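# Observations on the three-dimensional arrangement
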Protein chains: 2
Amino acid sequence: MIVGHGDDLWRFGRAIVANFSSNVYGGVDLTALKEHLSHHMEAISHYPEPEPYTLEKALAALHGIDPECVCATSGATEAIYLIALAWRGARSTILQPTFSEYADACRLHGHSVAGITEPLCQAVRNGTLTGGDETLAIGNESPAGGDETLAGSDRPDLFWLCNPNNPDGRVIPKGQLKARIASNPDTIFVIDQSYGFFTEDPLLTPTEAIAAGNVLQLHSMTKRYAMPGLRLGYVTGARALIERIRNVRMPWSVNALAIEAGLYLANNPDTAPIDKPALLKEAQRLRNALGSLPGIRVEPTRTHFMLCHLEPVTDADQQTRQGTAASLKQYLAREHGLLIRDASNFEGLTAGHFRIAAQTPKENDLLINAIREYLK
Amino acid sequence: MIVGHGDDLWRFGRAIVANFSSNVYGGVDLTALKEHLSHHMEAISHYPEPEPYTLEKALAALHGIDPECVCATSGATEAIYLIALAWRGARSTILQPTFSEYADACRLHGHSVAGITEPLCQAVRNGTLTGGDETLAIGNESPAGGDETLAGSDRPDLFWLCNPNNPDGRVIPKGQLKARIASNPDTIFVIDQSYGFFTEDPLLTPTEAIAAGNVLQLHSMTKRYAMPGLRLGYVTGARALIERIRNVRMPWSVNALAIEAGLYLANNPDTAPIDKPALLKEAQRLRNALGSLPGIRVEPTRTHFMLCHLEPVTDADQQTRQGTAASLKQYLAREHGLLIRDASNFEGLTAGHFRIAAQTPKENDLLINAIREYLK
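Residues numbered from 1 in each chain as written. Chains lettered and ligands numbered in written order. Predicted model: local features only at pLDDT ≥ 70, side-chain atom pairs only at ≥ 80, totals over all residues. Heavy atoms only, no water.

### Quick word on the pattern of salt bridges
Overall, the coordinates contain 32 salt bridges over all chains when judged by the stated rule. Residues Arg302 of chain A and Asp201 of chain A are paired through a salt bridge, measuring 2.7 Å at the closest nitrogen-oxygen approach. Of the two residues, Arg302 of chain A sits in the loop between strand E9 (296-298) and strand E10 (305-310) while Asp201 of chain A sits in the loop between strand E6 (188-192) and helix H7 (206-212), which places them 101 residues apart along the sequence. Owing to a relative accessible area of 45%, Arg302 of chain A belongs among the partly exposed residues under this scheme. Here Lys178 of chain B makes a salt bridge to Glu208 of chain B, at a shortest N to O gap of 3.6 Å. Taken as a pair, Lys178 of chain B in helix H6 (residues 174-183) and Glu208 of chain B in helix H7 (residues 206-212) lie far apart in primary sequence, 30 residues in all. A network of salt bridges, in which partner residues are shared, links Glu51, Glu56, Glu68, Arg246 and Arg249 of chain A. (Salt bridge = Lys/Arg side-chain N within 4 Å of Asp/Glu carboxyl O. Helix = DSSP H or I, 4+ residues; strand = E, 2+ residues; numbered from the N terminus. Buried < 20%, exposed > 50% of the residue type's maximum accessible area, 1.4 Å probe, protein only.)

### Focus: the sheet that holds strand E3 (residues 91-95) of chain B
All names here are of chain B. Here we have seven strands laid out as an open sheet, ordered E2-E8-E7-E6-E5-E3-E4, and mixed in their pairing. The two strands at the open ends of the sheet, each matched to only one other strand, are strand E2 (70-73) and strand E4 (112-116). Between one strand axis and the next, the sheet turns by 20° as a mean value, whatever way the strands run. Where strand E5 (residues 158-162) lies against strand E6 (residues 188-192), five bridges are found, and the strand directions are parallel. Note on E6: the bridge partner recorded for Leu161 is Ile191. Each of E5, E6 and strand E7 (215-220) touches H6; the most contacted strand, E6, lies at about 150° to it. (Pairing = 2+ DSSP bridges. Axes fitted to C-alpha atoms, helices over the stretch in contact; angles between N-to-C directions. Contact = heavy atoms within 4.5 Å.)

### Here we look at the sheet that holds strand E5 (residues 158-162) of chain A
All names here are of chain A. Ordered by their spatial adjacency, seven strands build an open sheet running E2-E8-E7-E6-E5-E3-E4, and the pairing between neighbours is mixed. Strands with a single pairing partner mark the edges of an open sheet, and in this sheet they are strand E2 (70-73) and strand E4 (112-116). On average, each strand axis in the sheet is inclined to that of its neighbour by 20°, with strand direction left out of account. The strands touched by helix H3 (residues 75-86) are E2, E5, E6, strand E7 (215-220) and strand E8 (233-237); relative to E7, the strand with the most contacts, the crossing angle is about 155°.

### A look at the packing of helix H1 (residues 31-39) of chain A against helix H10 (residues 256-267) of chain A
Residue and element names in this part refer to chain A. In contact at an axis separation of 10 Å, H1 and H10 are set at 130° when each is read in the N-to-C sense. Judged by the angle between their axes, H1 and H10 are oblique. Crossing geometry of H1 relative to H10 is assigned as right-handed. Here H1 contributes Ala32, Leu33, His36 and Leu37 to the contact with H10, which in turn contributes Leu257, Glu260, Ala261, Tyr264 and Leu265. Its residues placed into classes, the contact of H1 with H10 shows seven nonpolar, one polar and one charged. (Parallel < 35°, antiparallel > 145°, perpendicular 65-115°, else oblique. Left-handed = near helix turned anticlockwise from the far one by under 90°. Nonpolar A, V, L, I, M, F, W, Y, C, P; charged D, E, K, R; others polar.)

### Remarks on helix H9 (residues 239-246) of chain A
All names here are of chain A. Those residues of H9 lying buried are Leu241, Ile242, Ile245 and Arg246. All buried residues of H9 fall inside an arc of 140° around its axis, so they share one side. Buried residues belonging to H9 abut helix H2 (53-63), E2, H3, E6, E7 and E8. (Arc of directions from axis to C-beta.)

As far as function goes, none of this settles anything; it's purely spatial.
This is how it looks when you write it as structure tokens:
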């Protein structure tokens, strides 16, 4: 595990006014869920189901799929570690830069790990990434090549990607992704759709992923319902793949309150509604406002969070200064009570990279003004 | 994971009057903790600490040990799986019969697994086990031998035991255990003390275990505080051993409400008091009452749960009948709403073995009467 994930409120004694540091959108009213859990506190007095069948059945019904194609986990993070364990020793390729836990889990379980950093990472670093530019590369082939089938020796057993991607909010065009999956039937595509709710772009549905046969999709209740403290995620995919994951899951891994919450939300999916068009519009407003400040570059995003970069600034004395995300983070936390994510520990990113998730307009204005002040 | 752990309430639609099937003592008043959690439901809206430092510090203070000697986990079960992973491929010896997850976790992580079933298991099967009889055998040596140091080739890397032991409530005499630990410095003793609160027998303290250097102790908040739904356990041991476990623990594995509960209980250890002498006395009353029924044998126990066996009974027609734990369990659940643990899936036990944990005197009387009726 890297040191320095987001939402490290606990480092600052919780004296934080607004939190942009995790990709969780906090403007969600969870009153109904919290009341439900308070009234079902009795759940802590009993063992949860050793394997959470009842919840898996409810999640399957929600997606209109077979319960045998769902594996509930203690957050999407457990899903990542279980997949790495179930395919222990595999060859994994990871589309970088992305959530660091894929690589950590793969290394822990003896995978050979390759990172694809071209053209995406380079484009991110150069600030040349545009919406239509992404080419999904797999293996060591040239990403620009038209050959979608991988050469035998370079073919990974698992290909990991996050879609929309953490930290930059990129979404891979659905048609391109489907073509790659179909052309590489011997590679399992592990697609982390934890942020799937937070984009208007079309994504692979669980039914399509199951039909493909070589796709595992990760889902996060944490992100959609802003309840990261409970730990609830799940994987969907073809029955044989899900069985392999279930076989390595320890009993009682999903706690009883997470199960209770999951059942409640599966049966009441309209709990805690989010005005998604308004949130995404607000995210673009935040991006434009920050991007207009001298010394900040903000990457394009297809979701509510975005990757930013502190650029070198030449001052009146012709001295070039460049701030680091670490110093900006300290400044914002200490002076303004605002928390951002120092993104310098993402593979391929630099000391100037930070990530923010849009929150309410009022909170976003606090951030814009505070960063403007920092840049002076 | 085996099918058929205890506390499988969910199989019976929760129409259960009393539950003897898990080793959790339910006669505990958790009102204060449940109220505390209801008032701290906000915890679900934030990520827990990626590694639960604050809780580990509080648990260390409780035991008077260094925080670097504590690793908090999502139930003691996660501790078992993490130890097996951290020592992947090791030679493990397990004192059988015992909790099945040690063997499952070791096999999952490529250990060579040996079970010591003599003399304990044989004695259990024969009904000849007495309090003073247990000899702690390690490796393949004769358990009766006086040589406490293991031969090189048979020496396990890890020696797993549960103390008090699940399913039979046996406690290994402390002096004997300490001598074995001292004589085998190259073997790590994984001692599951989940039921440590529930005996009057002396056990190794965390301070003694840390000083020994080759001991990992598992602790369960679940058992002491009857809150198996929350998932909270921890490991104590020498700093180098704990570091090895922490290095393979995934981030956020302990959920925020479990951390909140753990902090509350560490700071208020007298929450939910249990009259231990009364409980243990009641357990002996239950044992004597069941043992006096024709067709039941109950093993000696040093704690509040016990291992029972249905014996062959010869009826008036000289027909020998022997009930199974499975049929008794079905009968008790369906006819009386009482849940017991079919123990036939413990390594080395038979179809006639079942386990019960003493509950309140009134509940225990329901069980005694129901089993008496079954035996007619």
